[in-house]
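Understanding the architecture of this molecule
What follows is each chain in one-letter form.
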Amino acid sequence: MICQDCGVEADTKHVTFYQNIGALVIRFPKSIDGNLCKSCVHRHFWTMTGVTLVLGWWGMISLIVSPFFVLNNVVRYVLCLGMSAVPPGAAPPELDDSAVQKVKPYVSELFERLNAGEDYHSVAKAVADKSGVTPGQVALFVRAVAAMQDRE
Ligand SMILES: [Zn+2]
């Protein structure tokens, strides 16, 4: 719902990409793991897989792990091809006063459903539809309330 890399509110999917740079005796492995939007999936797949294909082979261990990294990346990437693209003009959600006022009437419903163990995304979506904000704004609202409770 909210991309963990660029923060945009769009369709996201959980992915893990790996990159390996082999330097004969040492390796420089790197990975990214999180719920990403399609734009970030694209960007990380091409850079991390590209770097691995070019620089991933120098060293014994590198020679063994790099094909698996590349294979993993390709499989994860292919699974993401069906995602809907980030809508033009999509931006990180903001929790302004008007959004807070709109969500407020649904606070008890929101937290009752979350406490009952309902799926976070579907609750956020349902409350967003009712109150006229975006699911991302509902998520920010929940986060803000949780932060307030932590302070008490
Ligand atoms: Zn993103």
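Rules and cut-offs
Residues numbered from 1 in each chain as written. Predicted model: local features only at pLDDT ≥ 70, side-chain atom pairs only at ≥ 80, totals over all residues. Helix = DSSP H or I, 4+ residues; strand = E, 2+ residues; numbered from the N terminus. Buried ≥ 20, exposed ≤ 12 C-beta atoms within 10 Å, placed from the backbone. Contact = placed C-beta atoms within 7 Å. Core = buried A, V, L, I, M, F, W, Y, C linked by C-beta atoms within 7 Å. Axes fitted to C-alpha atoms, helices over the stretch in contact; angles between N-to-C directions. Parallel < 35°, antiparallel > 145°, perpendicular 65-115°, else oblique. Left-handed = near helix turned anticlockwise from the far one by under 90°. Nonpolar A, V, L, I, M, F, W, Y, C, P; charged D, E, K, R; others polar. Domains from an automatic or database assignment. pLDDT = per-residue confidence, 0-100. Expected span 1.5 Å × (residues − 1). Bend = angle between axes of the 7 residues up to and from the residue. Pairing = 2+ DSSP bridges.

1. Points about the overall build of the protein
Counting secondary structure elements, the protein contains six helices and two strands. Secondary structure elements of the protein, listed N to C terminal, follow the sequence β-β-α-α-α-α-α-α. When its C-alpha atoms are laid out on the principal axes, the protein stretches across 60 × 35 × 25 Å. Per-residue burial for the protein yields a buried fraction of 30% across its 152 residues. For the protein, contacts bridging at least 24 residues in sequence account for 71% of all contacts bridging at least 6.

2. So, the nonpolar core
With 27 residues, the main nonpolar core has Cys3, Leu36, Cys37, Val103, Ala124, Val127 and Val138 as its most contacted residues. The contacts of Val138, once residues within four sequence positions are left out, are Val103, Ala124, Val127, Ala128 and Val133.

3. Notes on the packing of helix 1 (residues 38–55) against helix 2 (residues 60–80)
At a minimum axis separation of 10 Å, helix 1 and helix 2 run at an interaxial angle of 160 degrees. What the angle tells us is that helix 1 and helix 2 run roughly antiparallel. For the pair helix 1 and helix 2, the crossing hand works out as left-handed. Taking contact as the criterion, the partners of Lys38, Val41, Phe45, Met48, Thr49, Thr52 and Leu53 in helix 1 are, on helix 2, Ser66, Phe69, Val70, Asn73, Tyr77 and Cys80. In terms of residue class, the contact of helix 1 with helix 2 is built from eight nonpolar, four polar and one charged.

4. Observations concerning the domain arrangement of the protein
Size of an interface, as often reported, equals the accessible area lost when the parts are brought together. Taken domain by domain, the protein consists of domain 1 (12–80) and domain 2 (97–151). A C-alpha centroid distance of 36 Å is found between domain 1 and domain 2.

5. Structural notes on the confidence of the model for the protein
Summing up the model confidence of the protein, the mean pLDDT is 92 and the portion of residues at 70 or higher is 99%. At the level of individual helices and strands, the protein shows its lowest average pLDDT in helix 6 (residues 135–151), which scores 87, and its highest in helix 1, which scores 96.

6. Comments concerning helix 2
With 21 residues, helix 2 should reach 30 Å at 1.5 Å per residue; the first-to-last C-alpha distance of 31 Å fits that figure. In the structure, helix 2 departs most strongly from a straight axis at Ser66, where the bend amounts to approximately 25 degrees and where the proline Pro67 lies between one and four residues downstream. Those residues of helix 2 lying buried are Ser62, Ser66, Phe69 and Asn73.

7. Let's talk about the pairing of strand 2 (residues 26–37)
Of the pairings in the sheet, the one linking strand 1 (residues 12–23) to strand 2 comprises twelve bridges and is antiparallel in character. The residue of strand 2 that forms the bridge with His14 is Asn35. Hairpin connection between strand 1 and strand 2: a loop of two residues separates the two successive antiparallel strands, and Leu24 in this loop has a positive phi of roughly 60 degrees.

8. Quick word on the packing of helix 4 (residues 107–115) against helix 5 (residues 120–131)
It is the contact of helix 4 with helix 5, at a shortest axis distance of 10 Å, that shows an interaxial angle of 165 degrees. The angle between helix 4 and helix 5 places the two elements in the roughly antiparallel class. In the crossing of helix 4 with helix 5, the sense of the turn from one axis to the other is right-handed. Each of Glu109, Leu110, Arg113 and Leu114 in helix 4 lies in contact with helix 5, whose residues at this interface are Tyr120, Val123 and Val127. Looking at the contact of helix 4 with helix 5 residue by residue, the classes come out as five nonpolar, no polar and two charged.

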